[in-house]
Amino acid sequence: MRYDSITDVIGNTPLVRISPAVHGLKNIDLYAKLEMLNPFGSVKDRAAWNMTRGGLATAMERGDSIVELSSGNTAKALAVIAGLHGLPFKSVTNRMKVPEIKDLLLLLGAEIEELPGQTECLDPTNTDDPLTRIHRVLSESETGYLHTDQYYSALNTEAHIAGTGPEILRDLDGHAPDYFIACVGTAGSSTGVATVLRGHNPAIDVVGLVAHKSDFIPGIRNIDEVHEVGLFDPATYDTIESVSADEAIDGMLTLVRRCGMLAGPTGGGAYHGAVRHLRKVDAELTERRTAVFIVCDRVESYMSYVRKRRPELLNQPPRQNSVAGLAPAELTAATVIDVESAQKWIAEDHPLVIDLRGPFAYAALHIEGSINIVDELFDELLHGGLPFGRSRPVLLACPVGEKSVRYAALLTRMGHPDVRSLSGGIIGWRDAGAPLVRD
Ligand SMILES: Cc1ncc(COP(=O)(O)O)c(C=O)c1O
């Protein structure tokens, strides 16, 4: 195969059957659409190319930069495309959570701008999320940027209407599958593919997969976050189901160890979600059925993600004092305190107030006298044991009170006698009109 440009290599990815000896389904042929084999490594190559190709000539003429709100695969593909055309690329994000991808973006020459998101609560007098504000500015014309706008641009979905969907039909001899399962990030791939497949088979069962609420799976959103995405339409999916980080890693292990597919966590999540969903119907079927799921990207970028969540897989000792190991009963038993009681407690007993948000949000506004230890660092500190004495009570605050309650439960398990989590977090504190100070 010979090509004039690496961008011509995007698409036409293989559809590979998973052995029934692995998935155990009796009446369903399960296929993986291997989007990880796109040249820059993921399903986002298609969207990135489709969102930029029309604007590149003008951008090169004007010397514009390509810009996108992404810290993952879209940024990676855009950084490559920008480099191919001699343009700068800037990735705006509210937190780079996967260190390998951050390093790769820097290696590719990307500029990274990290901003706190809405839940980080930058400034209570300004209800605009900084990312929303940036989005608005970038949507204006003549900004010096080619803004690809992956969460809103129809070109994202259209990449899959033109490419991914028709390729699946072609490889199944013109027949749409009976089931289609995909993880949802911007919703571009699942919406585009579902549109094409449903056009051929209105009875298709489309399953959208999101991350469990308290779990982070790089590249996809949880059920609350997905509703903030411009391209997301619940009517696209017959069911929306969630997968946990552990399930995604288990699915990934099956793909990498048993199927020869070096998939990342969302590919694993899609496999796990597909088999779980299909098992419910498999036994009742009287005719053979076909199902397709998407493998979005490759495993190599997620070694630190795996090391943190499943160290035993990399021959590391189990992580001591980890929130991942908390039992539901420990979480419910954690002490939560409302804003009014917290204010009184601070005034009377002077607990150590630990703010778990990012340093940017903390610097902008925080509870007076609190100290800032960003959650990832706090997590690390706790592995070594209690980082402070037991005699002083502790109040933990995070953006909305979800993370702090987990750390309160963990500190309690570690023997701290009086640790409480601020209900509703700094946003709740702000909304109650309680005072915040600026550095
Ligand atoms: C690893 C990974 N999986 C899944 C997705 C979801 O794809 P989409 O944005 O088309 O919903 C993304 C999107 O960035 C991703 O990076």
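Residues numbered from 1 in each chain as written. Predicted model: local features only at pLDDT ≥ 70, side-chain atom pairs only at ≥ 80, totals over all residues. Heavy atoms only, no water.

J.: How should unusual backbone geometry be read in this particular structure?
T.: Non-glycine residue Asp-149 carries a positive phi angle of around 60 degrees. Checked against the element boundaries, Asp-149 lands in the loop between strand 6 (145-147) and helix 7 (154-171). You will see that His-350, though not glycine, has its phi angle at about 50 degrees, which is positive. Mapped onto the secondary structure, His-350 falls in the loop between helix 14 (339-349) and strand 12 (352-355). (Helix = DSSP H or I, 4+ residues; strand = E, 2+ residues; numbered from the N terminus.)

J.: I keep staring at the packing of aromatic side chains and nothing clicks. Help me out?
T.: A ring pair, where both rings are aromatic, is described by two values, the distance of the centres and the angle of the planes. One pass over the structure, following the stated rule, counts four aromatic pairs. Note on Phe-232 and Tyr-237: the rings are 5.8 Å apart at their centroids and 20 degrees apart in plane angle, and the pair reads as stacked. Judged by its relative accessible area of 6%, Tyr-237 is buried. Above the face of the Trp-345 ring, Arg-420 is positioned so that its terminal group lies 3.7 Å from the ring centre. (Phe/Tyr/Trp six-rings, centres within 6.5 Å; stacked < 30°, edge-to-face > 60°. Buried < 20%, exposed > 50% of the residue type's maximum accessible area, 1.4 Å probe, protein only. Lys NZ or Arg CZ within 6 Å of the ring centre and 35° of its normal.)

J.: Is there a simple way to think about the site of the ligand in this case?
T.: The local shell around the ligand holds 16 residues, among which Lys-44, Gly-185, Thr-186, Ser-189 and Thr-266 are the closest. Contact between the ligand and Ala-187: an oxygen atom at 2.8 Å from a main-chain N or O atom of the residue. Note that a nitrogen atom of the ligand is positioned 2.7 Å from one of the side-chain N or O atoms of Thr-266. If the ligand stood free it would expose 390 Å²; the protein chains cover 96% of that surface. In terms of residue class, the shell around the ligand is built from seven nonpolar, seven polar and two charged. (Near = heavy atom within 4 Å. Polar contact = N/O pair within 3.5 Å; in protein donor to acceptor, adjacent residues only side chain to side chain. Areas by Shrake-Rupley, 256 points an atom, 1.4 Å probe, with all protein chains shown as cover. Nonpolar A, V, L, I, M, F, W, Y, C, P; charged D, E, K, R; others polar.)

J.: Looking at this structure, how should I read the sheet that holds strand 4 (residues 89-93)?
T.: Adjacent strands of a sheet pair through backbone hydrogen bonds, lying either parallel or antiparallel. Taken together, the four strands give an open sheet; going across it, the order is 5-4-3-6, and neighbouring strands pair in parallel fashion. Each of the sheet's edge strands pairs with one partner strand only, and the pair in question is strand 5 (111-114) and strand 6. Neighbour to neighbour, the strand axes of the sheet diverge by 25 degrees on average, direction disregarded. Direction of pairing for strand 3 (residues 65-69) relative to strand 4: parallel, over a ladder of four bridges. Bridged to Val-67 within strand 4 is Lys-90. (Pairing = 2+ DSSP bridges. Axes fitted to C-alpha atoms, helices over the stretch in contact; angles between N-to-C directions.)

J.: Before we go on, may I ask you to explain the domain arrangement of the protein in this structure?
T.: Note on interface size: it is often stated as the accessible area lost on association of the parts. Here the domain parsing of the protein yields domain 1 (1-318) and domain 2 (323-431). On a C-alpha basis, the centres of domain 1 and domain 2 stand 33 Å from each other. (Domains from an automatic or database assignment.)

J.: What am I meant to see in the pairing of strand 4 here?
T.: One face of the sheet, then the other: side chains in a regular strand alternate in exactly this way. Burial analysis of strand 4 places five of its five residues in the buried class, which makes it a mostly covered element. Covered by surrounding structure in strand 4 are Phe-89, Ser-91 and Thr-93 together with Lys-90 and Val-92, the residues of both alternating faces. Of the pairings in the sheet, the one linking strand 4 to strand 5 comprises four bridges and is parallel in character. In the sheet register, Lys-90 faces strand 5, and the bridge partner there is Glu-111.

J.: I tried to follow the sheet that holds strand 13 (residues 371-372) on my own but got confused; where do I start?
T.: Ordered by their spatial adjacency, five strands build an open sheet running 11-15-14-12-13, and the pairing between neighbours is parallel. The two strands at the open ends of the sheet, each matched to only one other strand, are strand 11 (335-337) and strand 13. Bridge count between strand 11 and strand 15 (residues 419-422): three bridges; the pairing is parallel. Looking at strand 15, one finds that Val-336 is bridged to Ser-421. Across the sheet, helix 17 (residues 402-413) touches strand 11, strand 14 (394-397) and strand 15, and the angle it forms with strand 15 is around 175 degrees. (Contact = heavy atoms within 4.5 Å.)

J.: What should I look at first to understand the environment of Asp-297 in this one?
T.: When you line up the elements, Asp-297 lands in the loop between strand 10 (289-295) and helix 12 (303-309). A sequence separation of 67 residues divides Asp-297 from Gly-230, and the C-alpha atoms of the two residues are 23 Å apart. Engagement of the side chain of Asp-297 in a polar contact is seen with the side chain of Asn-73, the distance being 2.9 Å. Within the local environment of Asp-297, its side chain forms a polar contact with the side chain of Tyr-302, the two groups lying 2.4 Å apart.

J.: Would you explain the pattern of salt bridges in this entry?
T.: Inspection of the entire model under this criterion finds 25 salt bridges. The residue Glu-241 makes a salt bridge to Arg-276 at a minimum N-O spacing of 3.8 Å. Linking Glu-241 in strand 9 (residues 239-243) with Arg-276 in helix 11 (residues 265-282), this pair joins segments that are 35 residues apart in sequence. One continuous salt-bridge network, built from bridges that share partners, spans Lys-33, Glu-35, Arg-46 and Glu-167. (Salt bridge = Lys/Arg side-chain N within 4 Å of Asp/Glu carboxyl O.)

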